[in-house]
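Per-entry structural report
Spelled out, the chains give:
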Amino acid sequence: MTKEKKSKKAITKLKNKYRLVVLNDETFEEKITFKLSRLNVFVAVMLGAILLIGSTILLIAFTPLREYIPGYASTDLRRKALELTLRTDSLERQLAFNEQYVSNIKNILSGNPVDPVVHNEQQTGSVEPQDIEFESTQDEAILRQFVEEEDRFNLPNRGSEPLANTAFFTPLKGLVTNAFDQDQNHVGVDITAKPNSPVKSCLEGTVILAEWTAETGYVMMIQHDHDLVSVYKHNSALLKKQGDLVRAGEAIAIIGNSGNHTTGPHLHFELWHQGLAVNPQEYISF
């Protein structure tokens, strides 16, 4: 038998009709009759399988039933994971910010210069406007040169605008015995006054440090608005504690002679703006 005859015989078998009859078991009465072929049955089974697979995929993709499949994360779980990831990233940036802030406080206490407390661009993923470079035209270059030449005749602004417009309260009325000299690493002013004179806050703010150190004795540090920090060292006693809110002119300590780095009863007063020490005598009359 040739291959052609075999294929024709197979096709004939697929197309042969068969009768499916449903009979009453007692009366042998025909109830339902179906005429089927092997080809019809095969096509019906394939269509049924395709419909079953398609409906299953749709149920998994567009209904909450997919959450019951082992290994498939639920939408709520994925949303919470994303929120936790974002929160962890924010906490890491805030932790780095706080560590730098604490490091600057330690440097202030030891009299060392500090860096401004800013967020790292790589951590935040943002770009500051001043870091964006633009291509300048020839007209802009001429205008820039003209403005720079005009600025040579203007007096330099020694202080920043927030400091120049701030009304400071004198922390202690007395005699300045040692002025601000950054070259000598003396980033404040020393003021002598009568014994037991009260030391007052120069501005309204929050006490961020109130403790004893071996070098500076009883020291207090107050955080003010506009990134201002005032420091009061060598006190004999502290009248406020960390976390207290103080008003401008409110007594916060008593003048003293505490700490190893002292030569007599006086107040060592420092003023810091954006992490940099400034000369208090430029803004306060002692």
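Residues numbered from 1 in each chain as written. Predicted model: local features only at pLDDT ≥ 70, side-chain atom pairs only at ≥ 80, totals over all residues. Heavy atoms only, no water.

**So, the overall build of the protein chain**
A count of helices and strands for the protein chain gives 6 helices and 12 strands. In the structure as shown, the protein chain presents an accessible area of about 20400 Å², 56% of it carried by carbon and sulfur atoms. (Helix = DSSP H or I, 4+ residues; strand = E, 2+ residues; numbered from the N terminus. Areas by Shrake-Rupley, 256 points an atom, 1.4 Å probe, with all protein chains shown as cover.)

**Looking at the pattern of salt bridges**
A full pass over the atoms with the stated rule returns 5 salt bridges. Ionic pairing is found between R93 and D89, a salt bridge with its closest N-O pair at 2.3 Å. Here R93 and its partner D89 are both found in helix 3 (residues 75-110), 4 residues apart, which amounts to about one turn of the helix. Exposure remark for D89: the relative accessible area of 34% places this residue in the partly exposed category. Here K240 ties to E250 by a salt bridge, and the two come within 2.6 Å at their closest N and O atoms. With K240 in the loop between strand 8 (228-238) and strand 9 (245-246) and E250 in the loop between strand 9 and strand 10 (251-255), the pair connects residues that are 10 residues apart, well separated along the chain. A relative accessible area of 16% places E250 in the buried class. (Salt bridge = Lys/Arg side-chain N within 4 Å of Asp/Glu carboxyl O. Buried < 20%, exposed > 50% of the residue type's maximum accessible area, 1.4 Å probe, protein only.)

**Quick notes on the packing of aromatic side chains**
With the rule as written, the count across this model stands at 4 aromatic pairs. With centroids separated by 5.1 Å and ring planes inclined at 70°, the aromatic side chains of W212 and Y218 adopt a geometry described as edge-to-face. Taking relative accessible area as the criterion, W212 reaches 48% and is therefore assigned partly exposed. Ring centres of Y232 and F269 lie 5.3 Å apart, and the angle between their planes is 55°; on these two criteria the pair is classed as tilted. With Y232 in strand 8 and F269 in strand 11 (residues 267-273), this residue pair connects regions lying 37 residues apart in the sequence. For the pair formed by Y232 and F269, the shared burial category is buried. Among the aromatic residues, ring-to-ring pairing joins Y232, F269 and F286 into one connected group. (Phe/Tyr/Trp six-rings, centres within 6.5 Å; stacked < 30°, edge-to-face > 60°.)

**Some remarks on the confidence of the model for the protein chain**
Model confidence for the protein chain is summarised by a mean pLDDT of 80, while 77% of its residues fall at 70 or above. Considering only residues more than four positions removed or in separate chains, one finds that residues 118-130, a stretch of pLDDT under 50, has 12 contacts. Low pLDDT, under 50, characterises residues 150-159; the predicted model gives this stretch 3 contacts beyond four residues in sequence or across chains. (pLDDT = per-residue confidence, 0-100. Contact = heavy atoms within 4.5 Å.)

**Concerning unusual backbone geometry**
With a phi angle near 65°, H234 is a residue other than glycine that sits in the positive phi range. For H234, the position within the fold is in strand 8. Residue H234 is classed as buried on the basis of its relative accessible area of 4%. Phi at Q274 is positive, roughly 55°, even though this residue is not glycine. Tracing the chain through its elements places Q274 in the loop between strand 11 and strand 12 (276-278).

**As for a nonpolar patch on the surface**
On the surface, a nonpolar cluster with roughly 640 Å² of combined accessible area is contributed by L14, L39, F42, V43, M46, L47 and I50. Given the relative accessible area of 40%, V43 is considered partly exposed. (Patch = residues over 30% accessible without salt bridge, like charges linked within 9 Å, V, L, I, M, F, W, Y side chains within 5 Å.)

**Quick word on the pairing of strand 10**
Moving residue by residue along a regular strand, the side chains alternate between the two faces of the sheet. Where burial is concerned, most of strand 10 is hidden: 4 out of the 5 residues are buried. With 3 bridges connecting them, strand 8 and strand 10 associate as antiparallel partners. Of the residues in strand 10, the one forming a bridge with A237 is I254. (Pairing = 2+ DSSP bridges.)

**Digging into the side chain of S201**
Summarising the element assignment, S201 is placed in the loop between strand 5 (198-200) and strand 6 (205-213). Taking the relative accessible area as the measure of exposure, S201 reaches 0% and is therefore buried. A polar contact is formed between the side chain of S201 and the backbone oxygen of L203, at a distance of 2.5 Å. Those residues in contact with S201 that sit more than four places away from it in its chain are F169, I222, H224, Y232, V246, R247, A248, G249, E250 and I252. (Polar contact = N/O pair within 3.5 Å; in protein donor to acceptor, adjacent residues only side chain to side chain.)

**Looking at the side chain of H268**
By secondary structure assignment, the location of H268 is in strand 11. On the accessibility criterion, H268 (7% relative accessible area) is buried. Side-chain polar atoms of H268 contact the side chain of E270, separated by 2.7 Å. Apart from the residues lying within four places of it in its own chain, the contact partners of H268 are H186, G188, V189, D190, V231, Y232, K233 and H234.

**Re the pairing of strand 2 (residues 30-37)**
Pairing geometry for strand 1 (residues 17-23) and strand 2, over 7 bridges, is antiparallel. By the bridge assignment, Y18 is partnered in strand 2 with L36.

**Here we look at the environment of W272**
By the secondary structure assignment, W272 is in strand 11. For the pair W272 and V229, spaced 43 residues apart in sequence, the C-alpha separation works out to 5.1 Å. In terms of polar contacts, W272 uses its side chain to reach the side chain of E270, at 2.9 Å.

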